[in-house]
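Residue strings, one per chain:
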Amino acid sequence: MRLVVLVSGSGTNLQALLDATADPAYGAQVVAVGADRDGIEGLARAERAGVPTFVRRVKDYPAREDWDRAMADAVGQHSPDLVVSAGFMKLVGERLFGRFPMVNTHPALCPAFPGMRGPAEALEYGVKVTGATLFLVDEGVDTGPIVAQVAVPVEDHDTEAALHERIKVGERAMLVDTVGRMAREGWSVEGRRVRIG
Ligand code: GRF
């Protein structure tokens, strides 16, 4: 299965996928990495792995829908079977998620704490368990059908950074495991229910 991975930052989720796809038995390869900004470690990771990259910055386009189109065209040039948004900090339009199957990873247990502040809001609310969610992207903010989730404990003395780092350990393992199973076994969607295999 051909994967195009989208990143905006450090790219540790991307790195986990790059490491997993080094084994042909994994069933998927990262054919390109896209970003919405230059100079990020996620792009450097792709370059070190010899994977082609592309950058499309929102501010270079007159309107958001022009950026959506440019992003979808850039992704489309690599003919992905699945687009993986892994720490990609932009909402994408239907031009992209309607054209290719697309999953996104979110550092909270959806439907709790959608948006940019998942770990911080979990701490503020005082939950004792949070986690990460892999879901199929739709037009909402972290609202799409859920493919996989992993639970992570909140410790009494957590800071936002410590909690997010603990979530990311579980998140990377879940992402690698689930994308591999999607590649090897396929998946189907009925209503909001996603089944692998
Ligand atoms: C992940 O927790 C992702 O869910 C969130 O930002 C983080 C990105 O981490 N949106 P990385 O860039 O993969 O290291």
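This text follows the structure it describes.
A brief report on the enclosed structure follows.

Conventions we followed
Residues numbered from 1 in each chain as written. Predicted model: local features only at pLDDT ≥ 70, side-chain atom pairs only at ≥ 80, totals over all residues. Heavy atoms only, no water. Helix = DSSP H or I, 4+ residues; strand = E, 2+ residues; numbered from the N terminus. Rg over C-alpha atoms; globule rule 2.2 N^0.38 Å. Areas by Shrake-Rupley, 256 points an atom, 1.4 Å probe, with all protein chains shown as cover. Buried < 20%, exposed > 50% of the residue type's maximum accessible area, 1.4 Å probe, protein only. Pairing = 2+ DSSP bridges. Axes fitted to C-alpha atoms, helices over the stretch in contact; angles between N-to-C directions. Contact = heavy atoms within 4.5 Å. Core = buried A, V, L, I, M, F, W, Y, C linked by side-chain atoms within 4.5 Å. Arc of directions from axis to C-beta.

### Remarks on the overall build of the chain
Of the regular secondary structure elements, the chain holds 6 helices and 9 strands. Its C-alpha atoms give the chain a radius of gyration of 16 Å, near enough to 16 Å, the size a compact globule of 197 residues would have. Expressed as lengths along the three principal axes of its C-alpha atoms, the size of the chain is roughly 45 × 40 × 35 Å. Carbon together with sulfur atoms contributes 50% to the accessible area of the chain, which is approximately 9,300 Å² in total.

### Thoughts on unusual backbone geometry
Here Cys110 and Pro111 are connected by a cis peptide whose omega angle stands at 10 degrees. Relative to the helices and strands, Pro111 resides in the loop between strand S5 (102-106) and helix H5 (118-125). You will see that Ser79, though not glycine, has its phi angle at about 45 degrees, which is positive. You will see that Asp142, though not glycine, has its phi angle at about 60 degrees, which is positive. By the element assignment, Asp142 lies in the loop between strand S6 (129-136) and strand S7 (146-153). The buried category is assigned to Asp142, whose relative accessible area is 12%.

### Side note on the sheet that holds strand S2 (residues 29-35)
An order of S3-S2-S1-S4-S5-S6-S7 is seen for the 7 strands of this open sheet, with the pairing classed as mixed. Of all strands in the sheet, those with a lone pairing partner are strand S3 (53-55) and S7, marking the two edges. Taken over all neighbouring pairs, the strand axes of this sheet differ in orientation by 20 degrees on average, direction set aside. As paired elements, S6 and S7 share 7 bridges and run antiparallel to each other. Bridging across to S7, Ala132 finds its partner in Val150. Most of the contacts of helix H1 (residues 12-21) go to S2, to which it runs at about 160 degrees, and overall it touches strand S1 (2-7), S2 and strand S4 (82-85).

### Side note on the nonpolar core
Core analysis: the largest hydrophobic core is formed by 41 residues, its most contacted members being Val5, Leu17, Val30, Val33 and Val84. If you tally residues by element for this core, the top one is helix H6 (residues 160-185), at 7 residues. The contact partners of Val5, leaving out residues within four places of it in the chain, are Leu14, Leu17, Val30, Ala32, Val33, Gly34, Val84 and Ala86. With 19 residues, the next largest nonpolar core counts Val31, Ala32, Ala74 and Phe100 among its residues.

### Concerning helix H2 (residues 41-48)
All of the buried residues in H2 are Gly42, Leu43, Arg45 and Ala46. Considered in projection along H2, the buried side chains sweep an arc of 155 degrees and stay on one side of the axis. Exposed side chains of H2 directed beyond 90 degrees from the buried face belong to Glu47 and Arg48. A positive phi of about 75 degrees marks Gly50, the residue just after H2.

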